[in-house]
Amino acid sequence: MESQIHFKEINSTNTYLKENFSTLADKTVVTADIQTAGRGRFSRQWISQKGGLYFSILLRPTKTDFIANLTQLMALSVCRAVEELGGKPTIKWPNDVQLKGKKLCGILSEAVATQQGVSCVIVGTGINVAQSDLSHVGQPAISLREAGIFIDKNMLLPSVLNYFWQGYEDVLQNGFASLREEYKKRFPYLGKTISVKNGVADATGTVTDISPAGALLLNAGNGPKEILIGDLIV
Ligand code: BTN
């Protein structure tokens, strides 16, 4: 069993682990009821009011080739936990979990590197569990409660973690290949025309596949190209 640290309020569970990783054990899980400076991908804010499940995991992986796929493992783990409760979540590449087409969960992974290489990875997850007003989110968002799923966040966490640990070693050794089939089952954008924004090379095209490495394959007119990072605009 991993060790857990809980805060009623903290700036960000990811930031806490970044600042304290050297004194904490592999697989430590940090949770908070409220985050005052929650962070999202691309330096966005993650407003973290009471009612959401906010947690970060500290990982000291033995092999670091596939650490980028741990966020996709977490997205799949959240899906599985929500499915157990009767929901039908989908994944918006690379790692947003949606319910009824709205954002249910976001994941921010950060690697801490030293001169010797990656020393740890922090996988931070925010799930909308019991909030009833997500109008501040800036994109369509939904909580489990709003979708008619009533679950205590303290019951949801062990279920998500359980799925995550079940897949963890396989992802470390084999990368996205170990998730691809199950991930694609929950990815509703195959064959759809979408845009991808990542600030570097925004593109619009048809989604042809998720590659064996977990990248988005987008055909913008001249054959499928791999996109490694970005946000889908659907
Ligand atoms: C995103 O969709 O942009 C990712 C959001 C990640 C939010 C979680 S909440 C727990 C952890 N602590 C943070 O500050 N961020 C992550």
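What you are looking at is a predicted structure, and each value in this text was computed from that prediction instead of being measured.

Calculation rules
Residues numbered from 1 in each chain as written. Predicted model: local features only at pLDDT ≥ 70, side-chain atom pairs only at ≥ 80, totals over all residues. Heavy atoms only, no water. Pairing = 2+ DSSP bridges. Helix = DSSP H or I, 4+ residues; strand = E, 2+ residues; numbered from the N terminus. Axes fitted to C-alpha atoms, helices over the stretch in contact; angles between N-to-C directions. Domains from an automatic or database assignment. Contact = heavy atoms within 4.5 Å. Buried area = accessible area lost by both parts, 1.4 Å probe. Salt bridge = Lys/Arg side-chain N within 4 Å of Asp/Glu carboxyl O. Near = heavy atom within 4 Å. Polar contact = N/O pair within 3.5 Å; in protein donor to acceptor, adjacent residues only side chain to side chain. Areas by Shrake-Rupley, 256 points an atom, 1.4 Å probe, with all protein chains shown as cover. Nonpolar A, V, L, I, M, F, W, Y, C, P; charged D, E, K, R; others polar.

Asks: Please clarify how the sheet that holds strand β12 (residues 231-233) should be interpreted in this entry.
Replies: Strand pairing in a sheet is mediated by backbone hydrogen bonds. Such pairs are either parallel or antiparallel. Judged by pairing direction, the sheet is antiparallel, and its 5 strands sit side by side in the order β11-β10-β9-β8-β12 without closing on themselves. Of all strands in the sheet, those with a lone pairing partner are β11 (224-227) and β12, marking the two edges. Neighbour-to-neighbour, the strand axes of this sheet turn through a mean angle of 50 degrees, independent of strand direction.

Asks: Any chance you could explain the domain arrangement of the chain here in plain terms?
Replies: One frequently used descriptor of interface size is the decrease in accessible area upon assembly of the parts. Domain assignment breaks the chain into domain 1 (4-185) and domain 2 (193-233). Between the C-alpha centres of domain 1 and domain 2 there is a distance of 23 Å. Across the boundary between the two partners, domain 1 contributes 13 residues, which contact 15 residues of domain 2. For the pairing of domain 1 and domain 2, the buried interface totals around 1,100 Å² over both sides, and the portion due to carbon and sulfur atoms is 55%. Per-residue buried area on domain 1 facing domain 2 is highest for Phe42, Trp93 and Arg180; these three make up 57% of the total on that side. Summed over the shared surface of domain 1 and domain 2, the number is 4 salt bridges. With a closest N to O distance of 2.7 Å, Lys184 and Asp209 form a salt bridge.

Asks: Please explain the site of the ligand as it appears in this structure.
Replies: Near the ligand there are 20 residues, and of these Ser12, Gln35, Arg39, Arg41 and Lys103 occur at the shortest range. The contact in question runs from a nitrogen atom of the ligand to an N or O atom on the side chain of Thr13, over 3.2 Å. A distance of 2.9 Å is found between a nitrogen atom of the ligand and a side-chain nitrogen or oxygen belonging to Gln35. If the ligand stood free it would expose 420 Å²; the protein chains cover 99% of that surface. Listing elements by their share of the shell around the ligand, those giving two or more residues are α1 (13-20), β3 (53-59), β6 (102-114) and β7 (117-127). Sorting elements by how many residues they give to the shell around the ligand places β6 first, with 4 residues. Looking at the shell around the ligand residue by residue, the class counts come to 5 nonpolar, 11 polar and 4 charged.

Asks: Where do I start with the side chain of Asp209 in this structure?
Replies: Topologically, Asp209 is positioned in strand β9 (residues 203-210). One polar contact links Asp209 to Lys184, side chain to side chain, over a distance of 2.7 Å. Here Asp209 is in contact with Arg180, Lys184, Leu190, Ala215, Leu216 and Leu217, once residues within four sequence places are set aside.

Asks: Just checking my understanding: could you explain the sheet that holds strand β4 (residues 90-92) for this structure?
Replies: Pairing is mixed across the open sheet formed by 7 strands, whose spatial order is β1-β2-β3-β7-β6-β5-β4. Two strands lie at the open edges of the sheet, namely β1 (4-10) and β4, each paired on one side alone. The mean inter-strand angle of the sheet, taken between neighbouring strand axes irrespective of direction, is 20 degrees. Pairing geometry for β1 and strand β2 (residues 29-35), over 6 bridges, is parallel. Looking at the pairing, Ile5 lines up with Val30 of β2. Together, β1, β2, β3, β6 and β7 form the strand contacts of α1, whose direction differs from that of β3 by roughly 25 degrees.

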